[in-house]
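In case you want the letters, here they are:
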Amino acid sequence: MIVKYGPRKKRSAEERFWDKVNREGENRRCVNPDHLEPVTRRENILRGQSLMAHNARKTHCKNGHEFTPENTWLYSRPGKQGRKCRACSIEYSRNYHKARKAAA
């Protein structure tokens, strides 16, 4: 449940939303103030069960390489943004070019 508080104006990185403290077995209709806390939009999304939240919580790629700043490529194109494992991307590129050379 997202309920903003404060005056409505231009969005800022520190804008806060009300979020449930305990999501386990949550009663969506509960509005007890003791069960709510102000959190940023990013934190609220990451606490959820969406695909975006699931992927953001990943610490390793599907081949077991850790997502570190040195081993992660962030990309953005119209309608899509995300991150790629640098080691896997380099390996894929090498294999692709090797196969293209062999086919020629």
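Definitions and limits used
Residues numbered from 1 in each chain as written. Predicted model: local features only at pLDDT ≥ 70, side-chain atom pairs only at ≥ 80, totals over all residues. Heavy atoms only, no water. Helix = DSSP H or I, 4+ residues; strand = E, 2+ residues; numbered from the N terminus. Buried < 20%, exposed > 50% of the residue type's maximum accessible area, 1.4 Å probe, protein only. Contact = heavy atoms within 4.5 Å. Areas by Shrake-Rupley, 256 points an atom, 1.4 Å probe, with all protein chains shown as cover. Salt bridge = Lys/Arg side-chain N within 4 Å of Asp/Glu carboxyl O. Phe/Tyr/Trp six-rings, centres within 6.5 Å; stacked < 30°, edge-to-face > 60°. Lys NZ or Arg CZ within 6 Å of the ring centre and 35° of its normal. Polar contact = N/O pair within 3.5 Å; in protein donor to acceptor, adjacent residues only side chain to side chain. Pairing = 2+ DSSP bridges.

## Quick look at the overall build of the protein
On a plain count of helices and strands, the protein comes out with three helices and five strands. The secondary structure elements of the protein, listed N-terminal to C-terminal, are β-β-β-α-α-β-β-α. Buried positions account for 17% of the 104 residues belonging to the protein. A fraction of 23% describes how many contacts in the protein between residues 6 or more apart in sequence connect residues 24 or more apart. With an accessible surface of roughly 9100 Å², the protein has 53% of that area assigned to carbon and sulfur atoms.

## Some words on the pattern of salt bridges
Under the defined criterion, the tally for this structure stands at two salt bridges. The partner of Arg47 in a salt bridge is Glu43, and the shortest N-O contact between them spans 3.1 Å. Highlighted residues: Arg47 and Glu43, both in helix α1 (residues 41–47), separated by four residues, approximately one helical turn. Here the residues in one salt-bridge network are Glu37, Glu43 and Arg47, joined through shared partners.

## Some details on the packing of aromatic side chains
On inspection of all chains with the given rule, the structure shows one aromatic pair. Looking at Lys84, its charged tip hangs above the ring of Tyr75, at a distance of 5.4 Å from the centre.

## Examining the side chain of Thr40
One can find Thr40 in strand β3 (residues 36–40). What makes Thr40 buried here is its relative accessible area of 16%. In this structure the side chain of Thr40 is engaged in a polar contact, spanning 3.2 Å, whose partner is the backbone nitrogen of Glu43.

## Here's the deal with the pairing of strand β4 (residues 72–77)
In the sheet, β4 pairs with strand β5 (residues 80–85) via six bridges, with the strands oriented antiparallel. Paired with Arg77 across the two strands is Lys80, which belongs to β5. A loop of two residues connects β4 with β5, the two strands running antiparallel in sequence, and Gly79 in this loop sits at a positive phi of about 85 degrees.

## So, the environment of Trp18
Note that Trp18 resides in strand β2 (residues 16–20). According to the relative accessible area criterion, Trp18 is partly exposed, its value standing at 27%.

## Section: the side chain of Ser89
In this fold, Ser89 is placed in helix α3 (residues 86–103). Take Ser89: its relative accessible area is 18%, and that puts it in the buried class. Excluding anything up to four places from it in sequence, Ser89 contacts Trp73 and Lys84.

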